[in-house]
Amino acid sequence: MAPAYKKILLKLSGEALMGEDAFGINQKTISGVVEEIQDVLDLAVKVAIVIGGGNLFRGIAPAAKGMDRATADYMGMLATVMNALALQDEMRRKGVISRVQSAINIAQVAEPYTRGKAVRHLELNRVVIFAAGTGNPFFTTDTAAALRGMEMNVDIVVKGTKVDGVYDEDPKTNPNASLYNKISFDDAIVKKLQVMDATALTLCRDQRLPICVFSILKKGALKRVVLGEDEGTFVHN
């Protein structure tokens, strides 16, 4: 079966890497995530990744209370770099060629973000992992995913989380919450649903770049999204 999308931007939440742990990186979970990505690569789909840092920053968040917002945001960016390196290392173990590009300069461990070089990596079928968000405080990794997705000219942004889509209410507090199969950008923004932040949603809406929110922990879910099957929540114009 041919994939519905030839090039994707996977927004991977840091929390998804925790597995059942309170914080940090769960080895079994990150291994499973890479296997899901491998299944998509086997379909000759080009994959770029923006990774969050909530799994690591959560552990130091109490110390960040009262801290200058910009300083705390830079700390969060460094957490995404650590996640990116861990993901790259797991990919290396499984024979997946990848490159980490950081929006802040850490030349000893990652390439600086360069659009032309990133495009070339994708052309050579390498996975590109974008770390450090946009490189600017006050912007989330959701916004970074929207920006990098547009710069890489992807077909869709797929957001892999710990939940299987977008609900009308928090399913943790309301077991009767309803899962959206499809929803428009405007409705998601007006209803303030937990899809992505408003900046990212607006950028994707204006550029007509669809989003699919799904569980990266659900076996085969990423592949089903790429094949255009009914999986997660599809956000569209």
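Residues numbered from 1 in each chain as written. Predicted model: local features only at pLDDT ≥ 70, side-chain atom pairs only at ≥ 80, totals over all residues. Heavy atoms only, no water.

### Describing the overall build of the protein
Rules: Each helix is a run of DSSP H or I of at least 4 residues and each strand a run of E of at least 2, with the numbering of both proceeding from the N terminus. Pairs of residues are marked as contacts when any of their non-hydrogen atoms sit within 4.5 Å. What sets the accessible areas is the Shrake-Rupley method with a 1.4 Å probe; for residues, cover comes only from the shown protein chains. In this tally, Lys and Arg are treated as positive and Asp and Glu as negative; His is ignored, and so are the chain termini. Taken as the charge centre is NZ of Lys, CZ of Arg, CG of Asp or CD of Glu, depending on the residue.
Within the protein, the secondary structure is distributed over 8 helices and 9 strands. Relative to all contacts within the protein whose residues are 6 or more apart in sequence, the contacts with residues 24 or more apart total 74%. Roughly 11,200 Å² of accessible area belongs to the protein as shown, and the carbon and sulfur atoms make up 51% of that amount. Looking at the protein, you have 29 positive and 27 negative side-chain charges, and the mean spots of the two groups are 4 Å apart.

### What to know about the pairing of strand β6 (residues 156–161)
As a general feature of sheets, a regular strand has side chains that alternate between the two faces. Which entries qualify depends on this criterion: The buried label applies to any residue whose accessible area, calculated with a 1.4 Å probe on protein chains only, is under 20% of its type's maximum; exposed applies above 50%, and partly exposed to all values in between. DSSP-based pairing: two strands are paired if at least 2 bridges between them are found.
Within β6, 6 of the 6 residues are buried, leaving the element largely enclosed by the surrounding structure. By the bridge criterion, 5 bridges tie β6 to strand β8 (residues 211–215) in an arrangement that is parallel. Looking at the pairing, Thr161 lines up with Ser215 of β8.

### What about helix α3 (residues 69–93)?
The condition is simple: Multiplying 1.5 Å by the residue count of a helix minus one yields the expected span of that helix.
Counted at 1.5 Å a residue, the expected span for α3 with its 25 residues is 36 Å, and the 37 Å between its end C-alpha atoms agrees. Gly95, located one to two residues past α3, shows a positive phi value of around 80°.

### Description of the packing of aromatic side chains
Pairs of aromatic rings are described using the distance from one ring centre to the other and the angle between the two planes. This is how it is decided: Any two of the Phe, Tyr and Trp rings considered here, Trp counted by its six-membered ring, make a pair once their centres fall within 6.5 Å; the pair's planes then place it as stacked at under 30 degrees, edge-to-face at over 60, or tilted in between. In this scheme, Lys NZ or Arg CZ marks a charge over a ring once it lies within 6 Å of the ring centre and within 35 degrees of the ring normal.
If you walk through the whole model with that rule in mind, you get 1 aromatic pair. Consider the rings of Tyr113 and Phe130, whose centres lie 5.6 Å apart with planes at 75°: the pair is edge-to-face. Taken as a pair, Tyr113 in the loop between β4 (111–112) and α4 (115–123) and Phe130 in strand β5 (residues 127–131) lie far apart in primary sequence, 17 residues in all. Overall, Phe130 belongs to the buried group, its relative accessible area being 2%. Taking the ring centre of Tyr113 as reference, the NZ or CZ of Arg148 above it sits at 3.8 Å. A cation over an aromatic ring shows up here: Arg148 above the ring of Phe130, its NZ or CZ 5.8 Å from the ring centre.

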